Structures are given as structure tokens and as C-alpha cells.
Amino acid sequence: GFIVIYPSATRSGQCFDVSSPAALSHSGNSDPAGIVSMVRWVVANRNGDANRVYATGASSGAMMTNVLLATHPDVFKAGAAFAGVPHACFATTDGSSWNSQCANGQRIMTAQQWGDLVRNAYPGYTGARPRMQLWHGTADTTLQYPNFGEEIKQWTNVHGLSQTPSMTDTPQSGWTRTRYGGTGVQAPVEGISLQGVGHNVPL
């Protein structure tokens, strides 16, 4: 009863564009626009349910999940990002697709600043915002662990929530789960921190 779309990045390194101005805007024309066009085609032509459209991915796919939920909150209802970075954290202006400051967990901003980056991706949008689930390993050396906390800042701010968890538990050994804005499975923001896990989070 579900359809899965597997978009591929064909450029060198096989990573999605999550850094160019075109990728970080609702009106852009880069990879996010391509993925959204696939989603809209499937909804229109394969009897898809527009109220149950979700994004998920790991690494570059996790970064794209953050971007898709920011640039197209009218399309995606929720997302799960495994070892990613906040929306627009990877932004560059020199044509490069890699942002070392962000990857190294050195781009630290306020929740308001992160939230503004999401709001500025689609100016004038006043509809519902998608729920976000975030996963990150504490030993990630590719997209380092501070990005997890910055993602939580971003999405709690977008939802108008406190950064203080509504609930904290340990689903299994080494895992710390926090929920924001609710204690159930429909909480607007959920984070799962994986002690000692690297860039190979469980998929």
C-alpha cells in the first residue's frame, strides 16, 4: 500500500545539491525541485495520497530530507534524517558542493537563526510544517555530532517549540530519544542520539 521513489544524484561523489542557492529555495530548480516533481507526478498518476508523503535518507539523503522539508512544507508531511545537517547549513556561494565548517560541526547558530533559514526558504508560507525525526551517532566523523543539536534547534524553532524535551527515554542500550512538543509518536520533533555510533547509523 505504499510507493517508494529512489532519486539518485549523478554528479561526482553522488551527493545531492544541498548547498546552492537554487537548492535552498522553494522556487529553485536544482535537485529538490527534481525530487518534488517526481513526487507530484506519482501523486497525480499513481493514485498517491498527498497527505501521506514523507522523505527520508542517510548522509547526503539526510541533508536532502532537511532541505525538502524546509523548501516544500506543502508537499512533505514528515521526514526522518539519519546523520545529516540542518537545512542551509551546507550553503555555499563559490560553486562548491562541500562546506567543511558545517560538516565539522562548527556552524553553531541560535534556534531563531536556524528557523529563519527554513522560513526564508519559502517566504509567505503559512501552512502546517512537517514533523521531523533526527538520528545521529555521537562518533560521526563525516557530518559531526554537533549538527544533531543544531537540527533540533532548527526544527523546534520552526514548530514554535521549546528546546526542552517533553519526554526522554532509552529505547535500547546506548540510544537516547527525546521528543519535543509532545510525548507520543506524533510529536512534531524527535531526536535519537546513538552513543558511540559513527556515520553508519542503523537504517
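Residues numbered from 1 in each chain as written. Predicted model: local features only at pLDDT ≥ 70, side-chain atom pairs only at ≥ 80, totals over all residues. Heavy atoms only, no water.

Points about the nonpolar core
Then, number 1: Ranked by size, the top nonpolar core spans 37 residues in total, and within it Phe76, Phe90 and Trp155 carry the most contacts.
Then, number 2: Only α1 (31-45), α2 (60-71), α3 (100-103), α4 (111-121), β3 (131-137) and α5 (146-158) provide two or more residues apiece to this core.
Then, number 3: With seven residues, α2 is the single largest residue contributor to this core.
Then, number 4: Apart from residues no more than four positions distant in its own chain, Phe76 is found in contact with Val36, Val39, Val53, Tyr54, Ala55, Leu68, Leu69 and Pro130.
Then, number 5: Counting residues in hydrophobic clusters, the runner-up holds eight residues, among them Ala80, Trp175, Ile192 and Val201. (Core = buried A, V, L, I, M, F, W, Y, C linked by side-chain atoms within 4.5 Å. Buried < 20%, exposed > 50% of the residue type's maximum accessible area, 1.4 Å probe, protein only. Helix = DSSP H or I, 4+ residues; strand = E, 2+ residues; numbered from the N terminus. Contact = heavy atoms within 4.5 Å.)

Quick look at the packing of aromatic side chains
Then, number 1: Under the definition given, this model contains five aromatic pairs.
Then, number 2: An angle of 85° between the planes, with centres 5.4 Å apart, marks the rings of Trp135 and Trp175 as edge-to-face. Here the residue Trp135 occupies a position in strand β3, and Trp175 occupies one in strand β5 (residues 175-180), the gap between them amounting to 40 residues.
Then, number 3: Every member of this aromatic cluster is reached through a ring pair, and the members are Phe82, Trp135 and Trp175. (Phe/Tyr/Trp six-rings, centres within 6.5 Å; stacked < 30°, edge-to-face > 60°.)

A look at the packing of α1 against α2
Then, number 1: Where α1 contacts α2, the two axes come as close as 10 Å, and the packing angle between them is 75°. Classified by the angle their axes make, α1 and α2 are roughly perpendicular. Every residue of α2 that contacts α1 at Asp31, Pro32, Ile35 and Val36 is listed here: Met64, Val67, Leu68 and Thr71.
Then, number 2: Grouping the constituent residues of the contact of α1 with α2 by class yields six nonpolar, one polar and one charged. (Axes fitted to C-alpha atoms, helices over the stretch in contact; angles between N-to-C directions. Parallel < 35°, antiparallel > 145°, perpendicular 65-115°, else oblique. Nonpolar A, V, L, I, M, F, W, Y, C, P; charged D, E, K, R; others polar.)

So, the pairing of strand β1 (residues 54-58)
Then, number 1: Judged by which residues are buried, β1 turns out to be one-sided: Ala55 and Gly57 face inward and are buried, whereas Tyr54, Thr56 and Ala58, on the alternate face, are not.
Then, number 2: As paired elements, β1 and strand β2 (residues 78-82) share five bridges and run parallel to each other. For Tyr54, the partnering residue across the bridge sits in β2 and is Ala78.
Then, number 3: Chirality of the crossover, the property in question, places the unit of β1, α2 and β2 among those that are right-handed. (Pairing = 2+ DSSP bridges. Right-handed = clockwise from strand over helix to strand, strands pointing away.)

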